[in-house]
Amino acid sequence: MRKIGLLALALVLALGALGVGYAAWTDTVTIEGTVNTGTVDIVVENYSGMWMWKVPGGNPDYELSTDPAYTPNPVGENPRPFIVAYSSAAQTTAGATPAPVDDSVTVTFHNLFPLTDAAGTVIPWEADFECHYVGSIPVKVMLEAIEIEADKGSNFSDLTIDISGYVKLDGATSWTKVTPAELEGTQLHYCDWVRFVIEILVPQHATEALNEPNMGQNGTVTGQIKVIQWNEYKAPPS
Amino acid sequence: MKKFGLLCLALVLALGALGVGYAAWTDTVYINGTVNTGEVCMSLVCPFSYLDNGEAPDGENGTGYLVGKTHPSADWNASSTGTAAFVNNPVHMEKNVGWITTNCPEPVEGQVVEEVVITLHNMYPCYYNHISFGITNCGTIPIKLDHVTFLDAEDVVLATLTNDGYLALDLSKNQVNDVEIYWGDNFGDQIEPGEHWDLSFWIHIMQDEGIDFTQVQDFTFKAAVTGVQWNEYPLD
């Protein structure tokens, strides 16, 4: 009889303990979320350059155009205008050497000679292309080396090549010119535009002897323009 | 044990540095292309031609001095002097006394001839000739004839013409002119690559009565024809 009493007491205590457990109130905070990574993405969208037209019978009988679609009208009965020299940029086409990769630009500088503006100052030939920054992470521009390498048998005496540019911030209606020094490290945000201008200056010397080494020469242009997330940008050593 | 710890620390630092490099996201625009420069090139076109066709009066292919007025080697004389010498008709003489030669090379495809020496032989006052020649644009850029510079044997500039016109030269350097020239044509005219100008000038040997003038002398002058890329004509 005593054993039965102990068993009943144990049962009561066990149930009691169980009752405490059931009696505890609870609440839960649930964490849900999404993770997406940003992008660094600059896209080349527009291409342009300079075209030197010969306009027979015109006064003056030449025109310098930056519009690839422009063709001067013939003057009277004279022969039709034709292009003498040009510098231009275009999207690299399949089959090109080296093989095109993402965002490849081919620049062509053809039949160059010293070019002067209305004031007689020598100006560079330009091939340019516009890049749209469509990444979500701010970036800064890093200008990798751009250079001319003469073909075998050629030797550019003192031609120079450089990159300048223009920037148009998202929402702006006009371009702002920036020097090569300013272009390096320029920050771009989503939807900003930057126009890179590859410039080759053919110098005009006072004597034929100095000019002739630059004539009839052939070579290749290579270069890279990189954008890097803004917080990792390191300015090149000055 | 301490060394092992330092090694671990160095490894961590190295990986950390590597991690910074890998952490930067970038995008690159690749630029490739070609560049070639044009060429301003002029080449004299041989042979030259003359009013007095250039045969010597004697020698291997000579014709003799007395050839008659209708003979192509018969000399021409100016009928006056100064600019009038080139306005009034010259006179065709009966004799072949003076003549002209050049060192024009045999034409070769693609050859650029930058200099031709014209020699006037056995000259005398009144001798008159018309010398014509061609210049080809052997470059890739249209060019215009800008100016002609006349120099002496030491390359001292005697005169420069930028338009058709007359000039007199004192080649004997005795303060009296001994040669006069009229350059005829083509200043400012344009030639496309592969095309050519026809150029010419008249020359008249004058009566030099200056100090120490002697009859047997060699006179040398150079005429340097300068063309310029068409869009820069005229040169300053």
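Refer to the structure above for everything that follows.
Remember, it's a predicted structure, so these values are computed and weren't measured experimentally. (Residues numbered from 1 in each chain as written. Chains lettered and ligands numbered in written order. Predicted model: local features only at pLDDT ≥ 70, side-chain atom pairs only at ≥ 80, totals over all residues. Heavy atoms only, no water.)

**Quick notes on the pairing of strand β1 (residues 26–37) of chain B**
Rule in force here: Note: two strands are recorded as paired if DSSP finds a minimum of 2 bridges between them. Helix numbering and strand numbering both begin at the N terminus, where a helix is a DSSP run of H or I of at least 4 residues and a strand a DSSP run of E of at least 2.
Pairing geometry for strand β4 (residues 104–112) of chain A and β1 of chain B, over seven bridges, is parallel. Within β1 of chain B, the position partnered with Val-107 of chain A by the bridge is Gly-33 of chain B. With 11 bridges joining them, strand β14 (residues 218–229) of chain A and β1 of chain B adopt antiparallel strand pairing. The residue bridging Thr-222 of chain A from the neighbouring strand is Asn-32 of chain B, located in β1 of chain B.

**Quick word on the state of the cysteines**
Here is the rule: We call a pair of cysteine sulfur atoms a disulfide when they lie within 2.5 Å. Each residue is assigned to one of three classes by its accessible area relative to the maximum for its type, calculated with a 1.4 Å probe on protein chains only: buried under 20%, partly exposed between the two thresholds, exposed over 50%.
This structure, assessed with the given rule, holds two disulfides over all chains. The disulfide that involves Cys-41 of chain B links it to Cys-138 of chain B, with 1.8 Å between the sulfurs. Residues Cys-41 of chain B and Cys-138 of chain B share a disulfide whose torsion about the S-S bond is about -85°; that sign makes it left-handed. Taken as a pair, Cys-41 of chain B in the loop between β1 and β2 (42–50) and Cys-138 of chain B in the loop between β7 (127–137) and β8 (143–152) lie far apart in primary sequence, 97 residues in all. Across the disulfide, Cys-46 of chain B is cross-linked to Cys-104 of chain B (sulfur-sulfur distance 2.1 Å). Judged by the sign of its S-S torsion, about -75°, the bond between Cys-46 of chain B and Cys-104 of chain B is left-handed. Taken together, the positions of Cys-46 of chain B in strand β2 and Cys-104 of chain B in the loop between β5 (99–102) and β6 (118–121) put the pair 58 residues apart, joining distant regions of the chain. Counting only the cysteines that take part in disulfides, in the order they occur along chain B, gives the pairing 1-4, 2-3. The thiol sulfur of Cys-131 of chain A is not disulfide-bonded, and the nearest other cysteine sulfur, from Cys-191 of chain A, lies at 14 Å. On the accessibility criterion, Cys-131 of chain A (0% relative accessible area) is buried.

**Details of the pairing of strand β1 (residues 42–54) of chain A**
All names here are of chain A. Summarising the sheet, β1 and strand β7 (residues 125–133) pair through six bridges and their orientation is antiparallel. Along β7, the bridge assignment pairs Asn-46 with Glu-130. Relative to strand β3 (residues 82–91), β1 runs antiparallel, the two being bridged by six bridges. Bridge pairing in β3 places Trp-53 opposite Ile-83. Taken together, the four bridges between β1 and strand β2 (residues 62–65) define a ladder with antiparallel strand orientation. Residue pairing in the sheet places Trp-53 in a bridge with Glu-63 of β2.

These figures come from the coordinates and say nothing about function on their own.
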